[in-house]
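What follows is the residue order along each chain.
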Protein chains: 2
Amino acid sequence: PAAAQEFDAAGQSASAMAYPQLFASEMALAEEFVNGMIAAGITVPVPADPGGGYTHEQHKRNYRAMYLAGHLYQLTGEERYLAFVRDMLLEYADLYPTLGDHPARANQNVGRLFWQVLNDAMWMVHAVQAYETVRDDLDTADRQRIDDDVFRRAAEFLSVDSEATFNLIHNHATWATAGVGMAGYVLGDDDLVHRALYGSAGDGEAGFVRQTELLFSPDGYYTEGPYYQRFAMLPFMVFAGAIQRNDPALRIFEHRGGILVKALNATIQLTYDGYFFPFNDAIRDKSLNTAELYEGVAIGYSVTRDPALLDIARQQGRTVITPAGLEMSRALAADEAEPFQFRSMLFSDGPDGDQGAVAVMRSGQGPMHMAMVAKNASQGMGHGHFDKLSWQLYDRGNEIVRDYGAARFLNIEAKEGGRYLPENETWAKQTIAHNALVVNEQSHFYGVRDLADTAWPTQHYFNVEDGFQVSAAGIDSAYPNEGVSMTRVLAMVDIEGLSQPLALDVLRAQGTSEVQFDLPLHYSGHIMRLGFDPVRNIAGRPVLGADNGYQHIWVDGSATPAPDQGFMTWLLDGRFYTYRFVPSAGMEVILGESGANDPDFNLRREPLVIQRVSGTDSASFVSVLESHGLYDGATEQTIGSNSQIASLHHVRSHGYDLVFIETLAGQEVVVAISWDNDPAAQHSVTIEGREINWRGYAARVPLGGGDDT
Amino acid sequence: PAAAQEFDAAGQSASAMAYPQLFASEMALAEEFVNGMIAAGITVPVPADPGGGYTHEQHKRNYRAMYLAGHLYQLTGEERYLAFVRDMLLEYADLYPTLGDHPARANQNVGRLFWQVLNDAMWMVHAVQAYETVRDDLDTADRQRIDDDVFRRAAEFLSVDSEATFNLIHNHATWATAGVGMAGYVLGDDDLVHRALYGSAGDGEAGFVRQTELLFSPDGYYTEGPYYQRFAMLPFMVFAGAIQRNDPALRIFEHRGGILVKALNATIQLTYDGYFFPFNDAIRDKSLNTAELYEGVAIGYSVTRDPALLDIARQQGRTVITPAGLEMSRALAADEAEPFQFRSMLFSDGPDGDQGAVAVMRSGQGPMHMAMVAKNASQGMGHGHFDKLSWQLYDRGNEIVRDYGAARFLNIEAKEGGRYLPENETWAKQTIAHNALVVNEQSHFYGVRDLADTAWPTQHYFNVEDGFQVSAAGIDSAYPNEGVSMTRVLAMVDIEGLSQPLALDVLRAQGTSEVQFDLPLHYSGHIMRLGFDPVRNIAGRPVLGADNGYQHIWVDGSATPAPDQGFMTWLLDGRFYTYRFVPSAGMEVILGESGANDPDFNLRREPLVIQRVSGTDSASFVSVLESHGLYDGATEQTIGSNSQIASLHHVRSHGYDLVFIETLAGQEVVVAISWDNDPAAQHSVTIEGREINWRGYAARVPLGGGDDT
Ligand SMILES: [Zn+2]
Ligand SMILES: [Zn+2]
């Protein structure tokens, strides 16, 4: 028999003061929901509808209700919860043997209860946890029927009939193996367990264990990105918890250096103000406040006793009514939480950690801190975006340099039934929709996923020190036809006299023939000031291009800035931001907005600025983004609405790149890049009579000046 | 000598536990600011700069610092606060006699210390309060110098040299009379007091008392609108407080039925979630959290002891360090607050209450409640907008049907020095920028203020009852050349089965010749669904018109909806809104966005929809706005994304207007309008065999249907 999770203090109701507040309120929520379901009567409809439809939603409600009722039974011993789970499963025992392929099949991976096998696996993961809580208390006949006609059949369907999905190295397979493996534990069926752990062939080339080895990088990064990582964490953590109880000798949580706990931590780190960095096809409103992470944090805490996870639980304000959730709630109530530290970190991508990386640099703590994110990761499978070396900036609770995320309105029938919108392909995935370099108005890898899957950036350098954080990465395979290699340094640079670090961006591109380079910046805010004087399209608004996302850009104007005109200031949420760039000779600047060629109003309308250099085989783009000042309409106070930077210069000399930043107060800093990864190597160059010395790949060299030197 | 406000427990520092928390923290803020000013040393520069410039800001800081230091002296008895006020006033005594007209004069009303006399009056109001706290403790020589060379001269300047401003019936004159009158009390100069109370001529045709009679309507509405009302309340309340202490026999707070307290309450009522309805040239981020209202609420409480004002103070979280502020803070600490009730109310406009009105209808309480606002007021002087019969809707903390407010970025130098932008005239003031009827693409009164000043809407009806709130108003003078009269009924209508009332809008217009009628709706949100199929401008975006605001509208598309196609649904902040209208024959619907012909990016880009009827001398526009459903990306839950309304019909019969609303569940309600203000009059009409009976101007008549009838 399965080693069920067991409460150390069962038989108490939610109102009993013995439960800590967080757990009690979670129990009350569960009781309210389950009691409503009991009152409504059990409804197990014959599968008919696709996602969002009635039967789909009913079967989802059912597994959620069984899962909660089972745990309430464990907690309270109340017979009616047992009866609810049993009676519902008996209904499923009637239904399940009658099912073939779901009538609303959408693709290869057809389910039985649902239109796709993924949902069947999710049903299984929840239902089998419910069954575990009641099975020992059922009479033999009921137990036999449910064993045979529900769980054995469902396990057979998931692992044999749907073998192709089951043996994938993919999160859909994680759900399937978790469901089948936990059914194996509950039914005492070692064959199911073995299949789940090591794949159908039993050789460990597939199955759950292999998934933990291949789906995460050594740093715990999941290649599809944080939005999908969140979703994948539930079956990983729940099944691992079951393995730990039933097969403790496997030491699943220690496997691969504790990869599952690393992955949980990475999931949490890949957020700003609780919201996941919206890489790839991400729904932007997804935050740590999500059912998958209530479960993940509770199990993670039960494994690690990491008091920082209690801080996350406190921010979530939610938990799960499992023994792990209770244990965690008690620790939280006992005031054992310690602040979770959101840190500057590098997350390698790929099973061996050599398929690029995501670099996160942070300055400050708390909801107002500044964070800079470099997306140097690999394509991330079918939901991946063509966004190599793209970046984002967050400040004061807002996303300042944006990633569009997915073009999708979940479950809104009028928006293509809630599925991905056509503009997800034509805009959201395209390179120009990102803060990434575009060559000849084509997306990276020409928008071909198969090509994109074969290559990724190289993270050259990552370093965090006081006053200077830096990430450098490159890729030479994004435009094979044009032979373009590109390298990008993104850094957070403290400047004496400025309240926050500057976000520095140095991007170099070299091709084998003359091309057009476009470097877009997708920003948030209302333009306050332009350093250049654009020709404006004020009485008719044309479209920038024909394809690859360009067809979605309205052109507001363009300019060819003089050297000292390369800046623009915008206002967002009471803060000013100045984007300052070095205009190379002939560089055109285009001001635009998303939303053209959008017949169904599917796109958000958001501004962007493009630096364009044409007819050249190489280009350097050097820019800084400065957060400054304050606009408070309530008190009618405006301070620092103008940039504090006097000048930005870029010098390339002896293979080095040097960026000179001078403030109005006269402080001068140079960021020197050697592109040489030897940390001990000493570099020196003389620019306009000034000798600049530094060590290693990149350095911040203060040149002094200003009032206080 | 003046009857100064006196603390009943002086000599305590901010840290003393004797002060209630709100007051203590306010004192700490004041100490921090004043100590900083003391440490920086007294700086009284020769006036040079206009608004926002250095000398302007320094003189503002000075009067604020003196005001706070004086009250800190009262509270703590600390000599250094006295010294600071004295020494600064002595500096002003050196400066003031040397001053002539300010060099940066902007208009007729030039100041001495500031570029406009208004700022000099504000300086006076604050400085004289500071002086009052220290004057008795000064030696004779200092007192004499400050009396003569500062306050007598400043009073002379404000009341004699600037007599034209002083005798206006205008808030600028309120500041001036308040400053001069309080100086009179402090200096013991009855002549100054009399001049302030009754005007230069002393006949009461001007002066403060007359201002209380003419600047507010009998309901306490200030004709320029809530944004300006907030600003005007400070001198009204502060000077009235001084009058009450020095001339209690005047019973100033009882004058005109307690108009000042009514005005304070009106100021608070004219908000949603603390933000003022942004009528006229309003800065949208102005809320109850503003210095003027900290002062106003404290004085209001000291006069009324109204426990609901304590609730406002609690929401503000701020107060003033005056005796009134202390008294109020104590009552708050003693838990005497009662909830401030935001209510459905009619606020008449004009000194006699017969120049139109503002109607506010609310459903529910708290930050998520729904509020509908009908702007049927008069022009409101120079900052008024051409927005007769316009309306707004708020729901769930958001402005759903919008008023643009002013086109201005306060104190942002790059935006025209922080002054009103050109687009304030060309867009924000124009009728098409409002939810108001436009004839022949011209603004009301052809955009001529002098014409607008002579006429106003008539509020025909206002009634609040369970399930039905209604406002009706009309105006026949907005388009004298076309002889157009228009009447608008705005109502909140409960419908069985819907979670919130519908916002109903019935607008009838009749002219003397064929014209074009445009009815815009400025909404907030992202389009989810259109009932009609527009011809879309997706590859080039034209401009709607040439002038009167039309030049600022990009056209996204247009359609001629069939009778059942008149609706659109948008999503805002997790809630769906469906705007449903009755398309009359040939009605064109135009979808657009603000932002065209905006060379300096001064405008916000916000969507609007226009119902257009052409070549007719009359038109009826009937629409409902429905708040429904829920979109929660975090939990991936979407419910009720489609409107619950099955149909909307309008029937005109025997001079009656009837609006039939039927829900998908089959519930039917008719809103019947007789246009007859006799509440006892019985009306009856038979439509499609159904007899509909009601009494009075307008009624909600349930016709039943649906599941539960
Ligand atoms: Zn993306
Ligand atoms: Zn307006």
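Residues numbered from 1 in each chain as written. Chains lettered and ligands numbered in written order. Predicted model: local features only at pLDDT ≥ 70, side-chain atom pairs only at ≥ 80, totals over all residues. Heavy atoms only, no water.

(A) Spotlight on the relation of the copies chain B and chain A. For the pair chain B and chain A, the best superposition has an RMSD of 0.1 Å and corresponds to a rotation of 180° with a translation of 0.1 Å parallel to the axis. This pairing of chains is accounted for by a two-fold axis. Across chain B, the smallest distance between a C-alpha and the rotation axis is recorded for Arg541 of chain B, namely 2.4 Å. Taken as a fraction of all interface residues of chain B, those also at the interface in chain A reach 100%, which identifies the copy contact as same-surface. (Least-squares fit on C-alpha atoms with pLDDT ≥ 70 in both. Contact = heavy atoms within 4.5 Å.)

(B) Here's a closer look at the sheet that holds strand E24 (residues 668–673) of chain A. Residue and element names in this part refer to chain A. Spatially, the four strands line up as an open sheet ordered E22-E23-E24-E27, and their pairing is antiparallel. Across the chains shown, the open sheet's two edge strands, defined by having one partner strand only, are strand E22 (645–653) and strand E27 (698–704). Put simply, the sheet's adjacent strands are angled 15° from each other on average, direction ignored. Where E22 and strand E23 (residues 656–663) come together, eight bridges link them in antiparallel fashion. Within E23, the residue paired with Val651 across the bridge is Leu658. (Pairing = 2+ DSSP bridges. Helix = DSSP H or I, 4+ residues; strand = E, 2+ residues; numbered from the N terminus. Axes fitted to C-alpha atoms, helices over the stretch in contact; angles between N-to-C directions.)

(C) Local environment of the coordination of the zinc ion (ligand 2). Residue and element names in this part refer to chain B. The zinc ion (ligand 2) binds to the protein through His385 (ND1), Asp403 (OD) and His434 (NE2), with metal-donor distances spanning 2.1 to 2.7 Å. Each donor residue of the zinc ion (ligand 2) belongs to the same chain, with the gaps between them written as H-x17-D-x30-H. With His385 in the loop between strand E5 (370–377) and strand E6 (390–395) and His434 in the loop between helix H15 (422–428) and strand E8 (438–439), this residue pair connects regions lying 49 residues apart in the sequence. Residue His385 is classed as buried on the basis of its relative accessible area of 0%. (Donors = N, O, S within 2.8 Å, 3.2 Å for Na, K, Ca; no water. Buried < 20%, exposed > 50% of the residue type's maximum accessible area, 1.4 Å probe, protein only.)

(D) Layout of the coordination of the zinc ion (ligand 1). All names here are of chain A. Within the protein, His385 (ND1), Asp403 (OD) and His434 (NE2) serve as the donor atoms for the zinc ion (ligand 1), at 2.1 to 2.6 Å. All donors of the zinc ion (ligand 1) come from a single chain, and their spacing in sequence reads H-x17-D-x30-H. Note that His385 is positioned in the loop between strand E5 (370–377) and strand E6 (390–395) and Asp403 in the loop between strand E7 (398–401) and helix H15 (422–428), a separation of 18 residues in sequence. In terms of burial, His385 and Asp403 fall into one category: buried.

(E) Highlighting the packing of helix H10 (residues 226–246) of chain A against helix H12 (residues 291–304) of chain A. All names here are of chain A. The interhelical angle for the contact between H10 and H12, taken along N-to-C directions, is 40°, at an axis separation of 8 Å. Relative to H12, H10 is oriented oblique. When you trace H10 past H12, the crossing you get is left-handed. Counted together, Arg230, Phe231, Leu234, Met237 and Val238 of H10 and Ala291, Glu292, Leu293, Glu295, Gly296, Ile299 and Gly300 of H12 form the full contact between these two elements. Here the residues of the contact of H10 with H12 sort into seven nonpolar, two polar and three charged. (Parallel < 35°, antiparallel > 145°, perpendicular 65-115°, else oblique. Left-handed = near helix turned anticlockwise from the far one by under 90°. Nonpolar A, V, L, I, M, F, W, Y, C, P; charged D, E, K, R; others polar.)

(F) Representation of the sheet that holds strand E27 (residues 698–704) of chain B within the structure. Residue and element names in this part refer to chain B. Read across the sheet, four strands follow the order E22-E23-E24-E27 without closing on themselves; strand pairing throughout is antiparallel. If you trace the sheet from one side to the other, it starts and ends with strand E22 (645–653) and E27, each paired once. Shown here is a sheet whose adjacent strand axes are inclined to one another by a mean of 15°, direction ignored.

(G) Up close: the packing of aromatic side chains. Applying the stated criterion across every chain, the model contains 50 aromatic pairs over all chains. On the basis of an interplanar angle of 40° and a centroid distance of 6.1 Å, the ring pair of Phe277 of chain A and Phe279 of chain A is categorised as tilted. Taken together, a centroid distance of 6.4 Å and an interplanar angle of 55° make the contact between Tyr185 of chain B and Phe239 of chain B tilted. Placement of the pair is Tyr185 of chain B in helix H7 (residues 171–187) and Phe239 of chain B in helix H10 (residues 226–246), with a sequence separation of 54 residues. Three or more aromatic residues joined by ring pairs make a cluster, and in this case those are Tyr185, Phe208, Phe216, Tyr222, Phe236 and Phe239 of chain A. Sitting over the face of the ring of Phe279 of chain A, Lys375 of chain A holds its NZ or CZ atom 5.3 Å from the ring centroid. In this arrangement the basic side chain of Arg80 of chain B is found over the ring face of Tyr81 of chain B, its NZ or CZ atom lying 4.6 Å from the centre. (Phe/Tyr/Trp six-rings, centres within 6.5 Å; stacked < 30°, edge-to-face > 60°. Lys NZ or Arg CZ within 6 Å of the ring centre and 35° of its normal.)

(H) Quick look at the pattern of salt bridges. Residues and elements named next belong to chain A. Inspection of the entire model under this criterion finds 68 salt bridges over all chains. Between Arg152 and Asp189 there is a salt bridge; the shortest N-O distance is 3.0 Å. Separated by 37 residues along the polypeptide, Arg152 in helix H5 (residues 140–161) and Asp189 in the loop between helix H7 (171–187) and helix H8 (190–198) bring together distant segments of the chain. Taking relative accessible area as the criterion, Arg152 reaches 32% and is therefore assigned partly exposed. (Salt bridge = Lys/Arg side-chain N within 4 Å of Asp/Glu carboxyl O.)

(I) Main features of the environment of Glu668 of chain A. Residue and element names in this part refer to chain A. Tracing the backbone through its elements, the reader meets Glu668 in strand E24. Residue class for Glu668 comes out buried when judged on its relative accessible area of 10%. Each C-alpha atom, one on Glu668 and one on Ile495, is 8.0 Å from the other, the two residues being 173 residues apart in sequence.

(J) Geometry of the confidence of the model for chain A. Summing up the model confidence of chain A, the mean pLDDT is 95 and the portion of residues at 70 or higher is 97%. For this predicted complex, the interface score ipTM comes out at 0.92, alongside a pTM of 0.94. (pLDDT = per-residue confidence, 0-100.)

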